[in-house]
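Descriptive structure summary
These are the residues of each chain, in order.
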Amino acid sequence: MSERAPVVERWLAWRYLATRQREGFVSFIAMFSLIGVALGVGTLIAVLSVMGGFREQLLGRIIGMNGHVVIAARDGLLQATPELLAKLKDIPGVEAVRLTLERQVLVTGHGLTRGAQLRGVRREDLLNREIVSKNIVFGDLAEFGTKPGLVIGERLRQQMQVRVGEPLTVVTHQLNEGGTIAPRYSDYEILATFLSRRYEFDSTLVFIPLAVLQEDLEYGKETVSSIDLFLKDPQAAPRVAQELRRSLGREDLRVSHWLGLNARFVGALQVERVMMFIILTLIVVVAAMNVVASFTMLVRVKRGSIAILRTMGASPGTIVRAFFMSAAAVGVAGTAIGAALGLLLCANMPAIGRALAYVTGGTGTAGAEVDFITSMPVRVDPVEVAFIIAVAIVLSLVAAAYPAWRATRVEPVEGLRHE
């Protein structure tokens, strides 16, 4: 009998799920409970994956232009000596060390003047900065570093109404011998423009060869504003920054990391992510409550059948397991269908985004800076998907426990009295 018990329990569980005339309404509710669980799980996976894609792109645009760890002088400028650079390159996890000399300037051309952020960088550092090198709109970077030319943001070029190959005047300031500040004018050719799709970069950044800017400002060849470290794992930036503070032991240097510099923005994204997970999990919770309601009603409808099974020798454990498997099957099946639905949506999200943009008439109206919204970037995290599935299954099993327990409370005499 013990060998046949699991077969009997599975058969009973299937019979309880089958639609009959008397309990058709109960099965109808159970079916919608399954659909609710599936929609909840699918929505959770799709929404959190899209949010992960947005977060990855946004943070990529933020830290792609700057380093994961930034070293600067507390006062004045920094001397990037060969000894310091060699020590930084030997830090475990450091992928690249890049130098930057930065100055706020005015740029003029065609009678127009704009404020800009002038950055002196080495040729190899700009070529390896993919957010610039892979987003060139006009011109190219072939001549950068070989002559005193500029690479500017495409939005700045549009504002200045200039073109590649034309000169652009950069206005800096210098301190005279008498202690007064006088403007300094320098003309440079525009070599290329880039479009990073972040407005504050595209409308203000101007790149110039580091050696050229050092010479124009009459600085030494080792003088820079900051040293940017790019890591193999950006999330390790706080740990690397802490190790650098300890290993360098220099009070005149300030070591920062991208998580600290963008703490509010990163924190807001994280809070939004957690709150969205909690809100969307409530969909699964409501669907699980429907499972409880529908199978509790089923227990009441099946009182007679349960009583007959008990008088025929079925143990309370058999009844519990049969109802538990029946109710849990709804939640588990809904979770599996929802997971497949969510992953299918993620795989087709770019096409869905383009279709929504076309239907709403938003194609091309928002500008390049926000075109990633209509492209619906997706980042599917296997750990996150597994966690969502685990939460949904746990909620489903918890929801199945109460109807199963209620089934054991049916007394054979009371059950048969109403038949």
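So, a few notes on the structure that sits alongside this text.

The rules we used
- Residues numbered from 1 in each chain as written.
- Predicted model: local features only at pLDDT ≥ 70, side-chain atom pairs only at ≥ 80, totals over all residues.
- Heavy atoms only, no water.
- Helix = DSSP H or I, 4+ residues; strand = E, 2+ residues; numbered from the N terminus.
- Expected span 1.5 Å × (residues − 1).
- Buried < 20%, exposed > 50% of the residue type's maximum accessible area, 1.4 Å probe, protein only.
- Arc of directions from axis to C-beta.
- Contact = heavy atoms within 4.5 Å.
- Polar contact = N/O pair within 3.5 Å; in protein donor to acceptor, adjacent residues only side chain to side chain.
- 1 Å grid on protein atoms, 1.4 Å probe; cavity = no way out; pocket = protein on both sides within 12 Å on 5 of 7 lines; lining within 4 Å.
- Points joined across faces, edges and corners; volume = space filled by probe spheres on them.
- Nonpolar A, V, L, I, M, F, W, Y, C, P; charged D, E, K, R; others polar.
- Phe/Tyr/Trp six-rings, centres within 6.5 Å; stacked < 30°, edge-to-face > 60°.
- Lys NZ or Arg CZ within 6 Å of the ring centre and 35° of its normal.
- Pairing = 2+ DSSP bridges.
- Axes fitted to C-alpha atoms, helices over the stretch in contact; angles between N-to-C directions.
- Parallel < 35°, antiparallel > 145°, perpendicular 65-115°, else oblique.
- Left-handed = near helix turned anticlockwise from the far one by under 90°.

Describing helix α9 (residues 237-248)
With 12 residues, α9 extends 16 Å between its outermost C-alpha atoms, agreeing within 8% with the 16 Å of an ideal straight helix rising 1.5 Å per residue. Buried within α9 are the following residues: A237, V240, A241, L244 and L248. In an axial view of α9, the angular spread of the buried residues amounts to 100°, which keeps them on one side of the axis. On the buried face of α9, the contacting elements are β1 (69-73), α3 (82-89), β11 (226-231), β12 (253-257) and α10 (258-261). Following α9 by one or two positions, G249 adopts a phi angle in the positive range, close to 60°.

Considerations on the side chain of E384
Topologically, E384 is positioned in helix α16 (residues 382-407). For E384, a relative accessible area of 14% gives the class buried. Within the structure, E384 has its side chain in polar contact with the side chain of R273 (distance 2.4 Å).

Describing empty space enclosed by the protein
Evaluated as defined, the whole model comprises one cavity of 30 Å³ or more. Approximately 50 Å³ is the volume found for the largest cavity. Around the largest cavity sit L118, V170, T172, R184, S186, Y188, L213, D216 and L217, which together line it. Breaking the lining of the largest cavity down by element, the ones donating at least two residues are β7 (167-175), β8 (181-194) and α8 (210-216). The element best represented in the lining of the largest cavity is β8, accounting for three residues. Grouping the constituent residues of the lining of the largest cavity by class yields five nonpolar, two polar and two charged.

Observations regarding α3
Looking at α3, one finds that the buried residues are L84, L85 and L88. With its buried residues spanning 95° around the axis, α3 presents them on a single face. Relative to its buried face, α3 has exposed residues pointing more than 90 degrees away, namely P82, E83 and K89. Those residues of α3 that are buried are in contact with β1, β2 (78-79), β3 (94-109), β11 and α9.

Some thoughts on the packing of aromatic side chains
In this structure the tally under the stated criterion is two aromatic pairs. Ring geometry for F194 against F207: centres 5.8 Å apart, planes inclined by 55°, an arrangement best described as tilted. Of the two residues, F194 sits in strand β8 while F207 sits in strand β9 (residues 205-209), which places them 13 residues apart along the sequence. One exposure class covers both F194 and F207, and it is buried. One Lys or Arg, R98, reaches over the ring of F230 and ends 4.1 Å from the middle of that ring. One cation-aromatic arrangement involves R198 over F201; the distance from NZ or CZ to the ring centre is 4.9 Å.

A word on the pairing of β1
Judged by how many residues are buried, β1 sits mostly within the fold: five of five residues are covered. Taking every second residue as pointing to the same face, both faces of β1 are buried, with V69, I71 and A73 on one and V70 and A72 on the other. The pairing of β1 with β11 spans four bridges and is classified as antiparallel. Along β11, the bridge assignment pairs V70 with D228.

Quick word on unusual backbone geometry
A negative phi holds for most residues other than glycine; trans holds for most peptide bonds. Even without glycine at this site, H110 takes up a positive phi of about 55°. With respect to the element layout, H110 can be found in the loop between β3 and β4 (112-121).

Brief notes about the packing of α3 against α9
Two numbers describe how α3 lies on α9: the axes approach to 12 Å, and their chain directions differ by 140°. Between α3 and α9, the interaxial angle falls into the category oblique. Viewed along their axes, α3 and α9 form a crossing whose handedness is right-handed. Residues L84, K87 and L88 of α3 form the contact with α9, whose participating residues are L244, S247 and L248. Residues of the contact of α3 with α9, tallied by class, amount to four nonpolar, one polar and one charged.

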